[in-house]
Amino acid sequence: MSPDAPPEDRLFIPPVAAPPRPATGRLVWTFEDVRGQVRLVPPPGAIQARFRARVGELLDSVAALVDRRSPAAELTRFNAAPPGTWRLSDPLWALLNDSLDLADEVNGGWDPTLGALTDFWIAAGRDLSLTPPEAADLKAPRSVSGWQGFRLHRPGQGAVQPGGTVLDFDDVAAAVACDQVMAALGEAGVEAACVRIGDNALGRGLLWDGQPWWAPLWPVFEPAEPRLVAALLDLGLGISGLDPDTPAPVDGASGRRISHGLVGVAVLDPSCFRAQALARALHVLGPYEGPAFAEAMSLPALFVERGAGGLMKRVSPTLAAMEG
């Protein structure tokens, strides 16, 4: 290799009990728009236009469910509802239950009930005349936030809106869409596919040549350093902190945006939703508690920190065991 050649990629391949059978077809369809990209090996007799339409329908359905910018979204209606118990649709009920379970698992490192705090900090950032918020300023949004106090009415498939609680799935909506699109493709007989939406990616199956779908764990890198690339063998990729223009996440424990030196985190998990939520949780936990939690929970995670010499990347023991 010449001195000017880029270094070879560092490859991370998850262990599998039985490798999936390569796809039989050699044709790859690509559907792409501003929302994301779907690549798939179509099953015999598939009609491309129908697949494209189905993918679009699924992306629209996720937006109709949890897009807080849409007044018509079910989540927006719940957030604006007066105090009371409100019945939720099956998809939102399932997502909310999974989210509260995960919030409990990570002790609130990721929490879907922090929308009021997130909105508070967005408003504070826009008002250049606002002095740094004091604890008293945070009292109102904190009083309606926190997964531990959020109540469900399970017999009626309902959620209790105490008044002012704002559920927020903005940071996992793309990952939820990845999971739903992939599930629909599997039901349609697709053996191999890769769905990329936002910073998330989800791969299933092998191409006809036995190659998996590959994705960089952290797309931003220096030319002189190797890329860290993962094989998405029935795995989803979640990334927190990649976009420097996106404000830092809010720590529900303090009610404030994080300010430690951890730039971001990437996580692999069979569920893209879980991968993204876990990445966000580890990011909030910080450069010390985050890696410790990942090691204790055997999570394959990449941590990106800012040091004196630039960005430093370190991998969890479970991710390190995949390198080869």
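Just so you know, these numbers come straight off a predicted model, no measurement behind them.

*Asks:* Just checking my understanding: could you explain the overall build of the protein chain for this structure?
*Replies:* The helix and strand tally for the protein chain stands at 8 helices and 16 strands. Against the compact-globule benchmark of 20 Å for 324 residues, the protein chain has a radius of gyration of 21 Å, which places it among compact chains. Every one of the 324 residues in the protein chain was classed for burial, and the buried ones make up 47%. Residue pairs at least 24 apart in sequence account for 63% of intrachain contacts in the protein chain once pairs closer than 6 positions are excluded. When the accessible surface of the protein chain is summed, it comes to about 16,000 Å², and 55% of that surface belongs to carbon and sulfur atoms.

*Asks:* What should I look at first to understand the packing of aromatic side chains in this one?
*Replies:* Each aromatic ring pair is described using two quantities: the centre-to-centre distance and the angle formed by the ring planes. Following the criterion strictly, the structure yields 5 aromatic pairs and no others. Grouping aromatic residues by their ring pairs yields a cluster made of Trp29, Phe31 and Phe51.

*Asks:* Would you explain the pattern of salt bridges in this entry?
*Replies:* Should their charged atoms come close, side chains of opposite charge can pair. In the structure shown here, the tally under the stated rule is 15 salt bridges. As a salt-bridge pair, Glu191 and Arg21 come within 3.2 Å of each other at their nearest N and O atoms. Taken together, the residues Glu191 in the loop between helix 6 (173-187) and strand 7 (192-197) and Arg21 in the loop between strand 1 (10-12) and strand 2 (29-33) connect sequence positions 170 residues apart. The closest approach of N and O atoms between Glu105 and Arg274, which form a salt bridge, is 3.0 Å. With a gap of 169 residues between them, Glu105 in helix 3 (residues 90-105) and Arg274 in helix 7 (residues 272-296) connect regions that are remote in the sequence. Overall, Glu105 belongs to the partly exposed group, its relative accessible area being 32%.

*Asks:* Looking at this model, I keep getting lost on the sheet that holds strand 8 (residues 200-204). Mind explaining?
*Replies:* Two strands in a sheet stick together by hydrogen bonds in their backbones, pointing the same way (parallel) or opposite ways (antiparallel). Read across the open sheet, the 8 strands follow the order 2-3-7-8-11-14-15-16; overall the sheet is antiparallel. Each end of this open sheet is capped by a strand with a single partner; those strands are strand 2 and strand 16 (310-315). Looking at each pair of strands side by side, their axes are set apart by 10 degrees on average, direction ignored. Running over the sheet, helix 6 touches strand 3 (36-41), strand 7 and strand 8 and is turned about 160 degrees from strand 7.

*Asks:* What am I meant to see in the pairing of strand 8 here?
*Replies:* Side-chain positions along a regular strand alternate between the two faces of the sheet. Burial analysis of strand 8 places 4 of its 5 residues in the buried class, the great majority of the element. Taken together, the 5 bridges between strand 7 and strand 8 define a ladder with antiparallel strand orientation. Looking at strand 8, one finds that Cys194 is bridged to Gly203. Hairpin connection between strand 7 and strand 8: a loop of 2 residues separates the two successive antiparallel strands, and Gly198 in this loop has a positive phi of roughly 60 degrees. Judged from the 3 bridges that link them, strand 8 and strand 11 (residues 235-240) form a sheet pairing that is antiparallel. Residue pairing in the sheet places Gly203 in a bridge with Leu235 of strand 11.

*Asks:* Would you mind showing me how to read the sheet that holds strand 9 (residues 214-216) here?
*Replies:* Read across the sheet, 3 strands follow the order 1-10-9 without closing on themselves; strand pairing throughout is mixed. Either end of the sheet is taken by a strand with one partner, and the two such strands are strand 1 and strand 9. In this sheet, neighbouring strand axes are inclined to one another by 30 degrees on average, regardless of whether the strands run parallel or antiparallel. Pairing between strand 1 and strand 10 (residues 228-231): 3 bridges, direction parallel.

*Asks:* Please explain the state of the cysteines as it appears in this structure.
*Replies:* For the structure on display, the rule yields 0 disulfides. Counting only cysteine sulfurs, Cys272 is the nearest neighbor of Cys178, a cysteine outside any disulfide, at a range of 4.2 Å. Judged by relative accessible area, which is 0%, Cys178 ranks as buried. We classify Cys272 as buried; its relative accessible area is 0%.

*Asks:* Is there a simple way to explain the nonpolar core in this structure?
*Replies:* Soluble globular proteins tend to bury their nonpolar side chains together. If you look at the biggest cluster of nonpolar residues, it comprises 58 residues, and the most contacted ones within it are Leu40, Val66, Trp110, Phe169, Leu185 and Leu282. The contacts of Val66, once residues within four sequence positions are left out, are Leu75, Leu92, Leu95, Phe169, Asp170 and Ala173. Counting 25 residues, the second largest nonpolar core, distinct from the first, contains Ala215, Leu217, Leu235 and Leu242.

*Asks:* What am I meant to see in the confidence of the model for the protein chain here?
*Replies:* Atom-level detail of predicted coordinates should not be read off regions where pLDDT is low. Averaged over all residues, the pLDDT of the protein chain equals 92, while 96% of them reach at least 70. Under a pLDDT of 50 for its full length, residues 1-5 has, in the predicted model, 2 contacts with residues more than four places off or in other chains.

*Asks:* In this structure, what is going on with the pairing of strand 14 (residues 262-269)? I would like to understand it.
*Replies:* Counting buried positions over the 8 residues of strand 14 gives 8, a clear majority of the element. Across 5 bridges, strand 11 lies against strand 14 in antiparallel orientation. Within strand 14, the residue paired with Leu237 across the bridge is Leu268. Bridging between strand 14 and strand 15 (residues 301-307) involves 5 bridges; their strand directions are antiparallel. When the sheet's bridge partners are listed, Val267 is paired in strand 15 with Ala301.

*Asks:* Teacher, can you tell me more about the packing of helix 6 against helix 7 here?
*Replies:* When two helices pack together, their arrangement is given by the angle between their axes and by how far apart the axes lie. Where helix 6 contacts helix 7, the axes come no closer than 7 Å and their chain directions differ by 160 degrees. It follows from the interaxial angle that helix 6 and helix 7 lie roughly antiparallel. For the crossing formed where helix 6 meets helix 7, the hand is right-handed. In this structure, helix 6 uses Ala175, Val176, Cys178 and Asp179 to contact helix 7, whose residues at the interface are Cys272, Phe273 and Gln276. Looking at the contact of helix 6 with helix 7 residue by residue, the class counts come to 5 nonpolar, 1 polar and 1 charged.

Conventions adopted
- Residues numbered from 1 in each chain as written.
- Predicted model: local features only at pLDDT ≥ 70, side-chain atom pairs only at ≥ 80, totals over all residues.
- Heavy atoms only, no water.
- Helix = DSSP H or I, 4+ residues; strand = E, 2+ residues; numbered from the N terminus.
- Rg over C-alpha atoms; globule rule 2.2 N^0.38 Å.
- Buried < 20%, exposed > 50% of the residue type's maximum accessible area, 1.4 Å probe, protein only.
- Contact = heavy atoms within 4.5 Å.
- Areas by Shrake-Rupley, 256 points an atom, 1.4 Å probe, with all protein chains shown as cover.
- Phe/Tyr/Trp six-rings, centres within 6.5 Å; stacked < 30°, edge-to-face > 60°.
- Salt bridge = Lys/Arg side-chain N within 4 Å of Asp/Glu carboxyl O.
- Pairing = 2+ DSSP bridges.
- Axes fitted to C-alpha atoms, helices over the stretch in contact; angles between N-to-C directions.
- Disulfide = S-S within 2.5 Å.
- Core = buried A, V, L, I, M, F, W, Y, C linked by side-chain atoms within 4.5 Å.
- pLDDT = per-residue confidence, 0-100.
- Parallel < 35°, antiparallel > 145°, perpendicular 65-115°, else oblique.
- Left-handed = near helix turned anticlockwise from the far one by under 90°.
- Nonpolar A, V, L, I, M, F, W, Y, C, P; charged D, E, K, R; others polar.

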